[in-house]
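Listed below are the residues making up each chain.
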Amino acid sequence: MALYSFDKSLALFERACRVIPSGIPGHTSPAFNVPGSFPYFAQSGKGCRYKDVDGNEYIDFMAAYGPIVLGYNDPVVDAAAQRQREAGGLFNHPTERSVELAERLLSLVSDMQWAVFARNGSDVTSYAISVAREHTQRRKVLMVEGAYHGVQAWCRSGTGGLIPEDYEHVHTFHWNDATEALDLVKRYKDDVACIIVTPFHHPAFGDQVLPAPSFFADLRRICDENGIVLALDDVRAGFRLSMHGSHAYFGFSPDLTCFSKAIANGYTLSACLGKAALKAAASRVFFTGSFFGGAVEMAAALATLDELERRDAIAHMMKMGTMLQDGLKELARARGLEVVVSGPPTIPYMRFANETNFRRMQRFSGEAARRGVIFHPHHNWFMMEAHKEEDIRQALDVADKCFEVVKKEFGG
Ligand code: PMP
């Protein structure tokens, strides 16, 4: 099979650079994947596959960085969105869909009594901080070092345009170190509004780390004893671990939780859910956006949640993810290589055991892209319900050839 080339992607990138700062800004920039050996622009998708502008087709393990949880262009979700589109998507008022979706989420997600909707994950993680500050009338936010909560200035994930005052009241502790969190609580006595965490640690360029057995229980106790709001950022993992929220999966109870990505299979929607005690504060935070009431996205979310349940999608993705992880480890070993795969099977992360500079991983991912499989070199991957055994087998065949290239080039 001839290896893919990316001529049209490259030409389009040149064009983009003339009219868009950096050509492709943010996490999909060529600088963040494998420059020269990765597609830059997509064209169309179906199930777990998509085509780029050069007409190359890929089995995808990135799912648009998470949102595509069922598969590209899922017919059931798209039909629900289309029905709503015909009635109208955006009005002077919300539609009944917003009430239906809030009711649906609250009946599904453990321990939550209200829901607010927005567009992106960053909208709701930042809203959660505001609700916590309003509720406690305090300033400080504690977050985990290296965690990603979005592009807003407070969480400092991005670069450029920031001033120290943006994050003056945000302090970090290390994942799984509740003692360090408690030290910060003591240091900033009576001024800590919120501790915000993800359900497991998923830094870019690093292994994923699951919560230590007592981590969330310890944080819960620290928050309860000190009047602090515990917020969960479930934007990345939500609906890939449990339909009841990742807190149900790991057995703890936050005061607020944030969803986006997988909630609507690619339609732009996010939600912050909270406990009754925070409802009054939530209603005092002025939070709005021209598109927050969009009904097409809500119709898509209602259909996505139904389909995830009906197809028992998480169990299926766990099975396919396990098959992929086991297969990768086995194939690498057979070629005299060692890979480390971390995180839950539905959101895996792979690296070569003996490297810190990502050169092998870049080569592996670049070779995979040229053979029709998208494995990101330094970001976690995402499984979809559309991945079937045959897709995994095909992807593993490609992975084997890529391991062969890595072995030949790097020797181990
Ligand atoms: N929190 C987490 C854990 C995320 O993974 C992301 C997106 N990668 C966000 C927040 C921000 O979401 P968005 O990009 O939709 O603003």
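Before reading further, recall that the structure is shown in the block above.
Described in the following lines is the structure provided in the data block. (Residues numbered from 1 in each chain as written. Predicted model: local features only at pLDDT ≥ 70, side-chain atom pairs only at ≥ 80, totals over all residues. Heavy atoms only, no water.)

Digging into the sheet that holds strand 2 (residues 49-52)
- Spatially, four strands are ordered 1-2-3-13 in an open sheet, and the strand pairing comes out mixed. Sheet topology places strand 1 (42-46) and strand 13 (373-374) at the edges, where each strand pairs with a single neighbour.
- One ladder, built from four bridges, connects strand 1 with strand 2; its direction is antiparallel. The residue bridging Ala-42 from the neighbouring strand is Asp-52, located in strand 2. (Pairing = 2+ DSSP bridges. Helix = DSSP H or I, 4+ residues; strand = E, 2+ residues; numbered from the N terminus.)

Focus: the environment of Asp-52
- With respect to the helices, strands and loops of the structure, Asp-52 is situated in strand 2.
- A C-alpha to C-alpha distance of 7.7 Å links Asp-52 and Tyr-40, two positions 12 residues apart in sequence.
- A distance of 2.9 Å separates a polar atom in the side chain of Asp-52 from the backbone nitrogen of Asn-56.
- At 2.7 Å, the side chain of Asp-52 and the side chain of Tyr-58 are in polar contact. (Polar contact = N/O pair within 3.5 Å; in protein donor to acceptor, adjacent residues only side chain to side chain.)

Focus: the pattern of salt bridges
- Per the stated rule, a full pass over the model turns up 27 salt bridges.
- A salt bridge links Arg-335 to Asp-400; its shortest N-O distance comes to 3.1 Å. One end of the pair, Arg-335, is in the loop between helix 10 (313-334) and strand 11 (339-342); the other, Asp-400, is in helix 12 (residues 389-410), and 65 residues separate them in sequence.
- For the salt bridge of Glu-367 with Arg-363, the shortest nitrogen-to-oxygen distance reads 2.8 Å. Of the two residues, Glu-367 and Arg-363 both sit in helix 11 (residues 359-370), four residues apart, roughly one turn of that helix.
- Judged by relative accessible area, which is 4%, Glu-367 ranks as buried.
- Overlapping salt bridges bring together Asp-74, Glu-307, Arg-310, Arg-311, Glu-385 and Lys-388 as one network. (Salt bridge = Lys/Arg side-chain N within 4 Å of Asp/Glu carboxyl O. Buried < 20%, exposed > 50% of the residue type's maximum accessible area, 1.4 Å probe, protein only.)

Some remarks on the packing of aromatic side chains
- Evaluation of the coordinates by the stated rule reveals 20 aromatic pairs.
- Consider the rings of Tyr-50 and Tyr-58, whose centres lie 5.3 Å apart with planes at 40°: the pair is tilted.
- By relative accessible area, which is 0% here, Tyr-58 ends up buried.
- Here the aromatic rings of Phe-352 and Phe-403 are separated by 6.0 Å at their centres, their planes lie at 80°, and the arrangement is edge-to-face. Placement of Phe-352 in strand 12 (residues 349-352) and of Phe-403 in helix 12 is noted, with a sequence separation of 51 residues between them. (Phe/Tyr/Trp six-rings, centres within 6.5 Å; stacked < 30°, edge-to-face > 60°.)

Let's talk about helix 1 (residues 7-19)
- Taking 1.5 Å of rise per residue, 13 residues should cover 18 Å, and helix 1 covers 19 Å from first to last C-alpha, within 8% of that figure.
- Looking only at helix 1, the buried set comprises Ser-9, Phe-13 and Ala-16. Buried positions in helix 1, seen along its axis, are confined to an arc of 65° and lie on one side of it. Summarising the geometry of helix 1, the exposed residues directed more than 90 degrees from the buried face are Asp-7, Lys-8, Arg-15 and Arg-18. (Expected span 1.5 Å × (residues − 1). Arc of directions from axis to C-beta.)

Side note on the nonpolar core
- Ranked by internal contacts, the top residues of the largest apolar core, which has 85 residues, are Phe-61, Phe-239, Met-350, Phe-364, Phe-375 and Phe-403.
- Here the element with the most residues in this core is helix 12; it accounts for nine residues.
- When residues of this core are assigned to domains, at least three map to each of domain 1 (7-70 + 312-410) and domain 2 (75-310).
- Non-local contacts of Phe-364, meaning those with residues more than four positions away in its chain, are made with Leu-328, Met-350, Phe-352, Phe-375, Ala-399, Cys-402, Phe-403 and Val-406. (Core = buried A, V, L, I, M, F, W, Y, C linked by side-chain atoms within 4.5 Å. Domains from an automatic or database assignment. Contact = heavy atoms within 4.5 Å.)

Focus on the site of the ligand
- In the vicinity of the ligand, the contacting residues are Asn-120, Gly-121, Ser-122, Tyr-148, His-149, Gly-150, Thr-198, His-202, Asp-233, Val-235, Arg-236 and Lys-261.
- Between an oxygen atom of the ligand and a side-chain N or O atom of Arg-236, the distance comes to 2.8 Å.
- Within the side chain of Lys-261, an N or O atom sits 3.1 Å from a nitrogen atom of the ligand.
- For the ligand, whose free accessible area comes to 390 Å², the fraction covered by protein is 85%.
- Residues that form the shell around the ligand fall into these classes: two nonpolar, seven polar and three charged. (Near = heavy atom within 4 Å. Areas by Shrake-Rupley, 256 points an atom, 1.4 Å probe, with all protein chains shown as cover. Nonpolar A, V, L, I, M, F, W, Y, C, P; charged D, E, K, R; others polar.)

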